[in-house]
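Chain by chain, the residues run as shown.
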Amino acid sequence: EGLIEFYDSFRDMFEFFCKNTTIHGTIRLVCSDSNRMKTAFWTLLLLASFGMLYWQFALMFSQYWAYPVVLTMAMHSEPKMFPAITICNLDPYRFELVSEHLVQLDRMAEESITFLYGINTSASLFHMNDRNIHVKGLSSIRNLSRSSFKLSQNFSLLRMSDLRSGKKHSSVGFRLCNATGGNCFYKTYSSGMDAILEWYRFHYMNIMSQLPVIINISDHEEQIEDMVYSCQYDGEPCRPSDYVHFHHPVFGSCYTFNSKGTDSFWTATKPGIPYGLSLILRAEQKDHIPLLSTVAGVKVMIHNHNQTPFLEHEGFDIRPGIATTIGIQQDEVNRLGGNYGKCTTNGDDVNVKLLYNNSYTLQACLHSCFQHIMVQKCGCGYYYYPLPPGAEYCDYNKQPAWGHCFYQLYNRLRNHHLNCFDQCPKPCRESLYKVSAGTAKWPSAKSQDWVRQALRHQNGYNSTSNRLDIAKVTIFYQQLNYQSVNESPLLSENLLLSSMGSQWSLWFGSSVLSVVEMFELLIDTLVLSLLFCYQRLRAKKTLRVAHTPPVPSVSLALENYRVVQE
């Protein structure tokens, strides 16, 4: 009794609570007990307040468990690393190992163009006498043109007509069938130029699949001096260690400057054109494979360090005879991840095994996912993506129906019907670059002669044609301050508790201690109920013992015992 406060009845306990609690309005239930109308009114009012309170609580918890986020923006100003810059000459190679097959493909393309449009392109489009690229370290490998590979004649370009809205439309494409020759469909394009380019690339991938995978295609005669005549950053000449060379099957010879982003030489301390990267490039048109790249100029892409440049998805072209200034501004995006959204820190928690040796990006994951599905469904890999271990590139001499399989899979990926977009989350932290460009004619008509003379003496520039094939590019930071966009929870735990307290105070004008008083009332009710139950059970047991009749045999025995004793 010294630990627990006893009440004579539930009514006494309820009256004590209403008179002493800090919850507003409860005392009206006791003070107005003689007026039943007021008591009923305040009872309904308190019950309605409880209902509204817990309805608001339900809304807040449902919003909290939806894990919404709010974007906050902040500006930072500090020295930072210059981004990685990739440039490509848009001039893919004609490799000696497959030169005969490429010549046959050029003839097939010439015949197709003549069939479709009646144009003879042999003199103006194809140059069979251009020099071929020799890859080093292949002394033991003979020309692969003598192999059993043959160009297929089953994918001829056709012109098709159809009626749409009462008007006649024509399209160009080629037919693809499965392994049994059924389930055929036409890969068509409304533009004949797009159809010819895609048809050419389809055959080109089959030819290039003949090259052994172990060959380093980028290891060839051409040096960076053949493409980059001048390179300066922050007024200092670039060093040989500042770039990495690789070959792209469509965009040709490519170089990435500041690919790792660890050299302090590339730290940007000032904004402006004089403190950026300045390049003089030769956009030479050797026309090695003209139907792979119909653009003359240089491909430029600005991206993060340790990131694979996907030039077919990003980047922009630089026109020859033009000076281009490109101002960049960095934005940084930080995502929460976890319950607030799907993202990955470094790709280790992604189910897709990356086929690229650089850091995780969404495009790298999508390409790797598609290549794994391609190998699984079609039995071979897409030539433009790296191969998983043990796989080989597609060749219609070995897999005649791989084109049918590939285009169907690619359409499913493009329409988000493959699960690659579900398996490949965005990075939790990434840098984005906004680009603004300006152009001017370069060199001018009056400076053209001496600029060419200077390049001829310094870089061996020996162009004798009037065609402009040099370009100037300057890439610089417009401002060193950058904007960071950060995700933060719209309802954190602290904000949730604060909102709950505000609602409790609104409907009852009370505090956390009032909640404790309610718990105390529940505990007292439970204890008092147990005590009343215990008393009732004890009273029933006592009553049962008091009404128990005497046993005759026992009484008789006791009386006889007394008589004997007397």
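Here the structure is a predicted model, which is why all the values come from computation and not from measurement. (Residues numbered from 1 in each chain as written. Predicted model: local features only at pLDDT ≥ 70, side-chain atom pairs only at ≥ 80, totals over all residues. Heavy atoms only, no water.)

> In this structure, what is going on with a nonpolar patch on the surface? I would like to understand it.
On the surface, a cluster of nonpolar side chains totalling about 280 Å² of accessible area is made up of Met52, Trp55 and Leu59. Positionally, Met52 belongs in helix 3 (residues 36-65). Classification of Met52 as partly exposed rests on a relative accessible area of 32%. (Patch = residues over 30% accessible without salt bridge, like charges linked within 9 Å, V, L, I, M, F, W, Y side chains within 5 Å. Areas by Shrake-Rupley, 256 points an atom, 1.4 Å probe, with all protein chains shown as cover. Salt bridge = Lys/Arg side-chain N within 4 Å of Asp/Glu carboxyl O. Helix = DSSP H or I, 4+ residues; strand = E, 2+ residues; numbered from the N terminus. Buried < 20%, exposed > 50% of the residue type's maximum accessible area, 1.4 Å probe, protein only.)

> When you look at the nonpolar core in this model, what are you seeing that I'm missing?
Across soluble globular proteins, nonpolar side chains have a tendency to be buried as a group. Counting 61 residues, the largest nonpolar core has Trp199, Tyr200 and Trp402 as the members making the most contacts within it. Mapped onto this core, the elements with two or more residues apiece are helix 4 (99-117), strand 5 (167-176), helix 5 (192-208), helix 6 (362-378) and helix 7 (402-414). Per-element tally for this core: the top contributor is helix 5, with 10 residues. In contact with Trp402, other than residues within four places in its own chain, are Phe202, Met205, Asn206, Met374, Cys380, Cys394, Asp395 and Tyr396. With 29 residues, the next largest nonpolar core counts Ile224, Val298, Ile475 and Leu480 among its residues. (Core = buried A, V, L, I, M, F, W, Y, C linked by side-chain atoms within 4.5 Å. Contact = heavy atoms within 4.5 Å.)

> I'm lost on the environment of Asn346 in this one. Help?
Inspection of the secondary structure assignment puts Asn346 in the loop between strand 16 (343-344) and helix 6. By relative accessible area, Asn346 is classed as partly exposed at 46%. When the C-alpha positions of Asn346 and Tyr360 are compared, they lie 5.9 Å apart, and in sequence the two are 14 residues distant. A distance of 3.1 Å separates polar atoms of two side chains, one belonging to Asn346 and the other to Asp348. (Polar contact = N/O pair within 3.5 Å; in protein donor to acceptor, adjacent residues only side chain to side chain.)

> Would you take a moment to explain helix 10 (residues 493-508) for this structure?
Three or four residues apart is the spacing at which side chains of an α-helix point the same way, because the helix has 3.6 residues per turn. Across its 16 residues, helix 10 extends 22 Å between first and last C-alpha, which sits within 8% of the 22 Å expected from 1.5 Å per residue. All of the buried residues in helix 10 are Leu496, Met500, Gln503, Trp504 and Phe508. Projection of helix 10 onto a plane perpendicular to its axis shows the buried side chains occupying an angular sector of 100 degrees, all on one side. Pointing more than 90 degrees away from the buried face of helix 10 are the exposed residues Asn494 and Leu506. At the exit of helix 10 stands Gly509, carrying a positive phi of roughly 60 degrees. (Expected span 1.5 Å × (residues − 1). Arc of directions from axis to C-beta.)

> Got a minute to help me understand the side chain of Thr86 in this structure?
Relative to the helices and strands, Thr86 resides in strand 3 (residues 84-88). By relative accessible area, which is 0% here, Thr86 ends up buried. At 2.7 Å, the side chain of Thr86 forms a polar contact with the side chain of His303.

> Teacher, can you tell me more about the layout of surface pockets here?
The rolling of a water-molecule-sized probe over the atoms marks out the regions of remaining empty space. Roughly 880 Å³ of internal volume is contained in the second largest pocket. Taken together, 31 residues make up the lining of the second largest pocket; nearest its centre are Asn304, Gln307, Glu430, Ser431 and Leu432. Listing elements by their share of the lining of the second largest pocket, those giving two or more residues are strand 13 (298-303), strand 15 (322-334), helix 6, strand 17 (426-427) and strand 18 (429-441). When residues of the lining of the second largest pocket are assigned to their parent elements, the largest contribution, six residues, is made by strand 18. For the lining of the second largest pocket, the residue count by class is 12 nonpolar, 13 polar and six charged. (1 Å grid on protein atoms, 1.4 Å probe; cavity = no way out; pocket = protein on both sides within 12 Å on 5 of 7 lines; lining within 4 Å. Points joined across faces, edges and corners; volume = space filled by probe spheres on them. Nonpolar A, V, L, I, M, F, W, Y, C, P; charged D, E, K, R; others polar.)

> What exactly am I supposed to notice about the sheet that holds strand 3 here?
Remark on secondary structure: sheet strands pair via backbone hydrogen bonds, oriented parallel or antiparallel. The antiparallel open sheet is built from five strands, whose spatial order is 9-10-3-13-14. Pairing within the sheet leaves two strands with one partner each, and these edge strands are strand 9 (243-248) and strand 14 (316-318). Put simply, the sheet's adjacent strands are angled 25 degrees from each other on average, direction ignored. The pairing of strand 3 with strand 10 (residues 252-257) spans four bridges and is antiparallel. Bridged to Thr86 within strand 10 is Thr256. (Pairing = 2+ DSSP bridges. Axes fitted to C-alpha atoms, helices over the stretch in contact; angles between N-to-C directions.)

> I keep staring at the environment of Pro389 and nothing clicks. Help me out?
Among the secondary structure elements, Pro389 is positioned in the loop between helix 6 and helix 7. Pro389 sits in the exposed class, given a relative accessible area of 72%. Measuring from C-alpha to C-alpha, the distance between Pro389 and Leu355 comes to 9.4 Å, with 34 residues separating the pair along the chain.

> Would you explain the state of the cysteines in this entry?
By definition, a disulfide links the sulfur atoms of two cysteine residues through a covalent bond. Evaluation of the coordinates by the stated rule reveals eight disulfides. Covalently, Cys380 is tied to Cys394 through a disulfide, its sulfur atoms 2.0 Å apart. Disulfide Cys380-Cys394: the torsion about the S-S bond is 90 degrees, which places it as right-handed. Linking Cys380 in the loop between helix 6 and helix 7 with Cys394 in the loop between helix 6 and helix 7, this pair joins segments that are 14 residues apart in sequence. Exposure class is identical for Cys380 and Cys394. Each is buried. (Disulfide = S-S within 2.5 Å.)

> Looking at this model, I keep getting lost on the pattern of salt bridges. Mind explaining?
Side chains that carry opposite charge are capable of pairing whenever their charged atoms lie near each other. The full count for this structure, using the stated rule, is eight salt bridges. Across the salt bridge formed by Lys434 and Asp331, the nearest N and O atoms sit 3.2 Å from each other. With Lys434 in strand 18 and Asp331 in strand 15, this pair connects stretches of sequence that are 103 residues apart. The class of Lys434 is partly exposed, set by a relative accessible area of 49%. Relative accessible area serves as the criterion here: at 10%, Asp331 is assigned to the buried category.

Such coordinate-based values are descriptive only and should not be taken to indicate function.
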